[in-house]
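Coordinates in review
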Amino acid sequence: MWYTTIALCLVVIIQGCATLRPDPETSLSGEDAICFRWFENIEATLGEHDLNDPETVHINGFPHLRTNRFLASMADRATSKEAFAEWLEQMRQLDAKGKKLEFANLPAIAMQQLVAEIPTGGSFDQALKHCGKRSNKLSLNNPKHKKILLEQAQVPDAYHNWKRVVGLYPLARYVAGIGIERLHRELDTSFKIPPEKLPLQGKLIRYSPPHSGMLTPEHISTMLGPAYDNPLGVPHLTSLQLQQLLANFAPVWEIDTRNDTDKIGTVSLANDKQPRIDINQPTVYVAQGYTRWRGKVLLQLIYQIWLPAREKTSMLDLYGGPLDSVIWRVTLSPEGKPIAFDSIHGCGCYYLLFPGQGYRAVSPNDGAEPVLSPKSITTLSPGHRLLLRLQGRTHYLQQVSLVGDISGTATRNYIFQDSEELRSLQMPNGAKRSLYGEDGIIDASGRAERFLFWPYGIASPGAMRQWGTHAIAFIGRRHFDDPFLLDNLVAKE
């Protein structure tokens with residue numbers, strides 16, 4: 001008992017020390033000081049209303065900047081003045097995007113107060129840009145700021161050390177290993193069966209993307225080439241180019257449908273802030289991301305569906321409950337060819353990896369649990385898309401195959417929505433709120449499994465959560481948005 005208590009105290013002390021970050025010089029004057037105070041006032045106001053969005057991480061002393069795991073990893077490239085300036089600008093844009101969404105979620109009175117205090121005139125968005133760029137200019141010419149940012153612009157992992165200490169993690173990981181091996185065998189079985197021979201519990205419903213012309217490989221390569229022309233080598237696309245790529249690689253979802261809990265829909269919030277899924281409007285939420293692979297930065301296309309529930313089989317079902325979600329991700333080479341596809345559920349559970357043609361899965365060397373890679377995926381041929389077959393009730397991904405003509409199957413068309421809309425949803429009373437809590441978790445989706453799996457250090461295992469908070473391994477530490485995840489898991493054949 002005394003050993004556990006001492007260990008717990010040490011963990012708390014270490015975590016406390018890790019959060020101490022030196023602030024930059026705040027001896028500012030004139031408009032610089034006014035902008036700095038305005039940014040700090042925004043942060044304080046958001047904190048008072050519990051509206052700090054956890055998708056990105058604030059940097060102490062720099063209230064106009066935020067980072068994420070990818071941008072934090074790019075500190076090693078931000079060495080020249082040009083690259084450092086580009087890095088600062090990306091973090092400024094990340095902060096401005098977050099503040100706009102958080103601002104929209106404020107009560108009207110708090111909004112009006114912040115608008116009344118705008119230091120430069122103009123709109124809230126214009127002031128964010130003006131003051132943010134002005135603050136970046138100061139940091140660009142301040143060696144102390146540069147040193148602090150390069151060292152401290154980091155993202156903590158999504159694991160709670162104290163839970164692993166108290167929960168006797170070294171022992172618990174062996175128990176988890178047995179369960180993971182059994183789960184992988186179960187998930188892998190369906191990928192050995194042709195889609196048409198998979199058992200059915202209900203009827204198959206397919207959801208197809210909006211009709212759009214497919215891009216040729218040459219077109220995609222020509223599009224991506226110039227996008228890399230910047231000091232950090234990060235592919236920056238126009239809005240139109242991103243929409244074209246998302247439409248081109250959008251999958252067809254096929255679900256074994258028993259009842260309404262197996263239908264995808266649009267997310268909304270009731271006046272009591274409880275999430276609802278409108279199955280009358282099938283929707284796929286889309287986003288872009290980046291990863292690092294073999295010294296290059298690669299574009300990632302992200303597709304997410306939401307369903308009303310994972311229906312419980314009984315009162316003792318640990319894994320069932322309200323809301324369910326599945327995420328599908330496509331990672332493109334600089335030439336626009338898929339090097340890998342991977343998937344998780346919205347809880348971070350059930351990670352699956354599918355190398356693209358010419359690539360193979362390799363055993364991870366990060367000390368975390370094994371990764372299930374059921375099959376490779378061949379290059380998409382013209383006029384064909386990937387079909388993702390989901391099991392009824394559990395919504396496990398059962399099979400991935402190519403599909404062309406889908407006539408003869410019950411089909412519904414889905415629409416695209418930006419995933420960022422989930423960070424500021426309008427309720428029937430006109431107010432706005434994020435789907436997620438300040439910890440990134442949707443409390444309404446909590447599962448009973450959290451009472452069993454807490455020793456692995458993951459907050460509320462089984463609950464749906466926000467991008468940037470997906471821990472995807474019980475053994476070891478692994479995150480879905482880790483910029484080096486695929487660098488450790490995929491190699492050329």
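Residues numbered from 1 in each chain as written. Predicted model: local features only at pLDDT ≥ 70, side-chain atom pairs only at ≥ 80, totals over all residues. Heavy atoms only, no water.

Overview of the overall build of the protein chain
Applied cut-off: Numbering of helices and strands starts at the N terminus; helices are DSSP runs of H or I of at least 4 residues and strands are runs of E of at least 2. For every residue, the accessible area obtained with a 1.4 Å probe (protein chains only) is divided by the maximum for its type, and the residue is called buried under 20%, exposed over 50%, and partly exposed between those limits. Contacts were defined at the residue level, with two residues in contact if any of their heavy atoms lie within 4.5 Å.
In terms of regular secondary structure, the protein chain is built from 13 helices and 19 strands. Seen along its three principal axes, the alpha-carbon backbone of the protein chain occupies a region of about 70 × 65 × 50 Å. The proportion of buried residues among the 493 residues of the protein chain is 52%. Restricting to contacts in the protein chain with at least 6 residues of sequence separation, those with at least 24 account for 70%.

Digging into the sheet that holds strand β7 (residues 283–293)
Short version of the rule: Any two strands are treated as partners once DSSP identifies two or more bridges connecting them. Each axis is a line fitted through C-alpha atoms, taken for helices only over the stretch in contact, and angles between the N-to-C directions span 0 to 180 degrees.
With respect to topology, 6 strands assemble into an open sheet ordered β11-β10-β9-β8-β7-β16, the strand pairing being mixed. At either end of the open sheet lies a strand with only one pairing partner, and these are β11 (352–355) and β16 (415–418). Between one strand and the next, the sheet's axes are offset by a mean angle of 25 degrees, whatever the strand orientation. Note: strand β8 (residues 296–310) against strand β9 (residues 321–332), 11 bridges, orientation antiparallel. Following the sheet pairing, Leu299 is matched in β9 by Leu332.

Thoughts on the packing of aromatic side chains
Going by this rule: Here the aromatic set is Phe, Tyr and Trp, taking the six-membered ring for Trp, and pairing holds for ring centres within 6.5 Å; pairs whose planes are under 30 degrees apart are stacked, those over 60 apart are edge-to-face, and all others are tilted. Both a distance and an angle decide whether a charge sits over a ring: NZ of Lys or CZ of Arg must be within 6 Å of the ring centre and within 35 degrees of the ring normal.
According to the stated counting rule, one finds 17 aromatic pairs in the structure shown. Seen from the ring of Phe84, Lys146 lies directly overhead, with NZ or CZ sitting 5.3 Å from the centre. For Arg164, the ring lying beneath its charged end belongs to Tyr169, and the centroid distance is 4.1 Å.

What about the state of the cysteines?
Quick reminder of the rule: Two cysteine sulfurs form a disulfide in these notes if their separation is within 2.5 Å.
Applying the stated rule across the entire model yields 2 disulfides. Note on cysteine connectivity: Cys347 is disulfide-linked to Cys349, with sulfurs 2.2 Å apart. Here the cysteine-cysteine linkages of the protein chain are recorded as 1-2, 3-4, numbering only bonded cysteines and doing so in sequence order.

Focus on the pairing of strand β5 (residues 266–269)
The pairing of β5 with strand β6 (residues 275–278) spans 4 bridges and is classified as antiparallel. From the neighbouring strand, Val267 faces β6, where its bridge partner is Ile277. What sits between β5 and β6 in their antiparallel hairpin is a turn of 5 residues, with Lys273 showing a positive phi close to 70 degrees.

Considering the pattern of salt bridges
Applicable threshold: Definition used for salt bridges: Asp or Glu carboxyl oxygen within 4 Å of a side-chain nitrogen of Lys or Arg.
This model, assessed by the stated rule, comprises 27 salt bridges. Lys99 is the salt-bridge partner of Glu43, the closest N and O atoms lying 2.8 Å from each other. Linking Glu43 in helix α2 (residues 30–48) with Lys99 in helix α4 (residues 81–104), this pair joins segments that are 56 residues apart in sequence. Of the charged contacts, one joins Asp76 and Arg292 as a salt bridge, the two residues approaching to 3.1 Å between their closest N and O atoms. Residue Asp76 is located in the loop between α3 (69–73) and α4, and its partner Arg292 is located in strand β7; the two are separated by 216 residues in the primary sequence. What makes Arg292 buried here is its relative accessible area of 9%. Taken together, the shared-partner salt bridges connect Glu43, Arg66, Asp95, Lys99 and Glu102 into one network.

Comments concerning the confidence of the model for the protein chain
If pLDDT is low for a region, its predicted coordinates should not be looked at in detail. Inclusion rule: Along the chain, pLDDT gives the predictor's confidence residue by residue, from 0 to 100.
Per-residue confidence for the protein chain gives a mean pLDDT of 92; residues scoring 70 or more make up 93%. Of the regions scoring below 50 in pLDDT, residues 1–22 engages in 19 contacts with residues more than four places distant in sequence or in other chains.

What about a negative patch on the surface?
We count it as follows: Without a salt bridge and with relative accessible area above 30%, a residue can belong to a patch; like charges are then joined within 9 Å and nonpolar side chains (Val, Leu, Ile, Met, Phe, Trp, Tyr) within 5 Å. Using the Shrake-Rupley algorithm and a 1.4 Å probe, accessible areas are obtained, with residue cover drawn only from the displayed protein chains. Positive charges are assigned to Lys and Arg, negative charges to Asp and Glu, while His and the chain termini are left out of the count. A single reference atom marks each charge: NZ on Lys, CZ on Arg, CG on Asp, CD on Glu.
A surface patch of like charges, here negative, comprises Asp50, Glu438, Asp439 and Asp443. Here Asp439 lies in the loop between β18 (432–433) and α12 (450–453). Using a relative accessible area of 47% as the deciding quantity, one classes Asp439 as partly exposed.

Here we look at the packing of α2 against helix α6 (residues 124–140)
This is how it is decided: Each angle is binned into one of four classes, with values under 35 degrees roughly parallel, values over 145 roughly antiparallel, values of 65 to 115 roughly perpendicular, and all other values oblique. If you view the pair so one helix is near and one far, a crossing is left-handed when the near helix is turned anticlockwise from the far one by less than a right angle, and right-handed when it is turned clockwise. Charged means Asp, Glu, Lys or Arg here, nonpolar means Ala, Val, Leu, Ile, Met, Phe, Trp, Tyr, Cys or Pro, and polar covers whatever is left, Gly included.
Two elements in contact, α2 and α6, have axes separated by 10 Å at closest approach and are oriented at 120 degrees. Viewed along their axes, α2 and α6 adopt a mutual orientation that is oblique. Considering the relative orientation of α2 and α6, their crossing is left-handed. Residues Glu31, Asp32, Cys35, Trp38, Phe39 and Ile42 of α2 pack against Phe124, Ala127, Leu128, His130, Cys131, Gly132, Arg134, Ser135 and Leu138 of α6. By residue class, the composition of the contact of α2 with α6 is 9 nonpolar, 3 polar and 3 charged.

Details of the nonpolar core
Counted only if it meets this: Here, the term nonpolar core denotes a set of buried Ala, Val, Leu, Ile, Met, Phe, Trp, Tyr and Cys residues that are joined through side-chain atoms within 4.5 Å.
Counting residues in each nonpolar core, the largest one holds 79 residues, and the members touching the most others are Trp87, Leu245, Trp253, Leu301, Tyr303, Trp306 and Trp328. Of all the elements, β8 adds the most residues to this core, at 7 residues. With residues near it in sequence (within four places) discarded, Leu301 still touches Leu242, Leu245, Leu246, Phe249, Ala287, Trp328, Arg329, Val330 and Leu332. Grouped together as the second largest cluster of nonpolar side chains are 17 residues, Tyr228, Trp293, Leu298 and Tyr359 included.

With respect to α2
Inclusion rule: Each helix should span, by expectation, one fewer than its residue count multiplied by 1.5 Å.
With 19 residues, α2 should cover 27 Å at 1.5 Å per step; its first-to-last C-alpha distance of 27 Å lies within 8% of that length. Among all positions of α2, only Asp32, Ala33, Cys35, Phe36, Trp38, Phe39, Ile42, Glu43, Thr45 and Leu46 are buried. Contacts from the buried residues of α2 go to β1 (57–59), β2 (62–67), α4, α5 (108–116) and α6. Asp50 sits one or two residues past α2 and shows a positive phi near 55 degrees.

Concerning unusual backbone geometry
Residue Asp50 is not a glycine yet carries a positive backbone phi of 55 degrees. Checked against the element boundaries, Asp50 lands in the loop between α2 and β1. Not every positive phi belongs to a glycine, and Leu168 is a case in point at roughly 55 degrees. Tracing the backbone through its elements, the reader meets Leu168 in the loop between α8 (161–166) and α9 (169–190).

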